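Architecture at a glance
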Amino acid sequence: MHIEEWLETVPAVSVYLLVGLVIGLESLGIPLPGEIVLVSATLLAASQDHINPYVLGASAIAGAVIGDSIGYLIGRKGGQPLLTWLGRKFPKHFSADHVATAERSFQKWGMWAVFVGRFIALLRIFAGPLAGVLRMPYWKFLIANVLGGIVWAGGTTAVIYSLGKVAEDWLKRFSWLGLVLALLFGLGSMLVMKWRSKKAKSAAAAAAGTETAEPEPVPAGD
């Protein structure tokens, strides 16, 4: 069976559920490639008419908002011990340096750290649980959460779908092109995440060094 024919047999509802579930779990605090899944599904929607981009975008938004809200409730109930447990469970994502970086972001931006965090891979998994741990008022969290989910999930779906439609002729001739693009995007996202992680770790180390450094004694005058 040709790959394009096989893709046409994929039930649209399964795509919607998969996108909503993965994004929801990532927003809840579990490190999953939500952005990669959303982009891949949107490219699929651009080449397969049975997948509705509006329903796909709505599924992504719902997953983002619901997942973040559940993460907030878990963080509020679990408190600091939850972050310690996550650090042991997912040391690459919830290390002490990453937690410290996220906490500084919340202290600097407040509720808008939730909104901005939706666009940053590291903060995306931190936003909900950390907002709960820091006991941010839920109404503030909810406003930033909903706005961030709409702009990030809805905007990503709209942009990628539009680009996919522009290249629709190519996608029809080479049905594997969408998969290749998704793979390249995924690899690129991984490299960017690693680069940001190293940069954040270096910044945290530099900040810690600045705080602990003591001024040199001034020589006494003759």
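Here we summarise the structure given alongside this text. (Residues numbered from 1 in each chain as written. Predicted model: local features only at pLDDT ≥ 70, side-chain atom pairs only at ≥ 80, totals over all residues. Heavy atoms only, no water.)

Attention shifts here to the packing of aromatic side chains. Tallied over the full model, the rule gives five aromatic pairs. Seen from their ring centres, Tyr72 and Tyr138 are 5.2 Å apart, and the 55 degrees between their planes marks the pair as tilted. Placement of Tyr72 in helix H4 (residues 53-78) and of Tyr138 in helix H9 (residues 138-166) is noted, with a sequence separation of 66 residues between them. Take Tyr72: its relative accessible area is 2%, and that puts it in the buried class. (Phe/Tyr/Trp six-rings, centres within 6.5 Å; stacked < 30°, edge-to-face > 60°. Helix = DSSP H or I, 4+ residues; strand = E, 2+ residues; numbered from the N terminus. Buried < 20%, exposed > 50% of the residue type's maximum accessible area, 1.4 Å probe, protein only.)

Within the secondary structure, Ser69 is located in helix H4. By relative accessible area, Ser69 is classed as buried at 12%. At a separation of 2.9 Å, a polar atom in the side chain of Ser69 contacts the main-chain carbonyl oxygen of Val65. Separated by 3.3 Å, the side chains of Ser69 and Tyr138 make a polar contact. Leave out the neighbours within four places in its chain, and Ser69 touches Tyr138, Phe141, Leu142 and Asn145. (Polar contact = N/O pair within 3.5 Å; in protein donor to acceptor, adjacent residues only side chain to side chain. Contact = heavy atoms within 4.5 Å.)

Further remarks concern the nonpolar core. Grouped together as the largest cluster of nonpolar side chains are 18 residues, with contacts concentrated most on Val15, Val19, Ile23, Leu38, Ile51, Leu56 and Ala60. For this core, the secondary structure elements donating two or more residues are helix H2 (12-28), helix H3 (34-47), H4 and H9. (Core = buried A, V, L, I, M, F, W, Y, C linked by side-chain atoms within 4.5 Å.)

Helix length check: H3 (14 residues) gives 20 Å between terminal C-alpha atoms against 20 Å at 1.5 Å per residue, within 8%. Of all the 14 residues making up H3, ten are buried; the element is thus mostly covered by neighbouring parts of the structure. Listed as buried for H3 are Gly34, Val37, Leu38, Val39, Ala41, Thr42, Leu43, Leu44, Ala45 and Ala46. (Expected span 1.5 Å × (residues − 1).)

This part takes up H9. An ideal rise of 1.5 Å per residue puts 42 Å on 29 residues; H9 measures up with 41 Å between its terminal C-alpha atoms. Within the span of H9, buried status applies to Phe141, Ala144, Asn145, Gly148, Gly149, Trp152, Ala153, Thr156, Thr157, Ile160 and Gly164.

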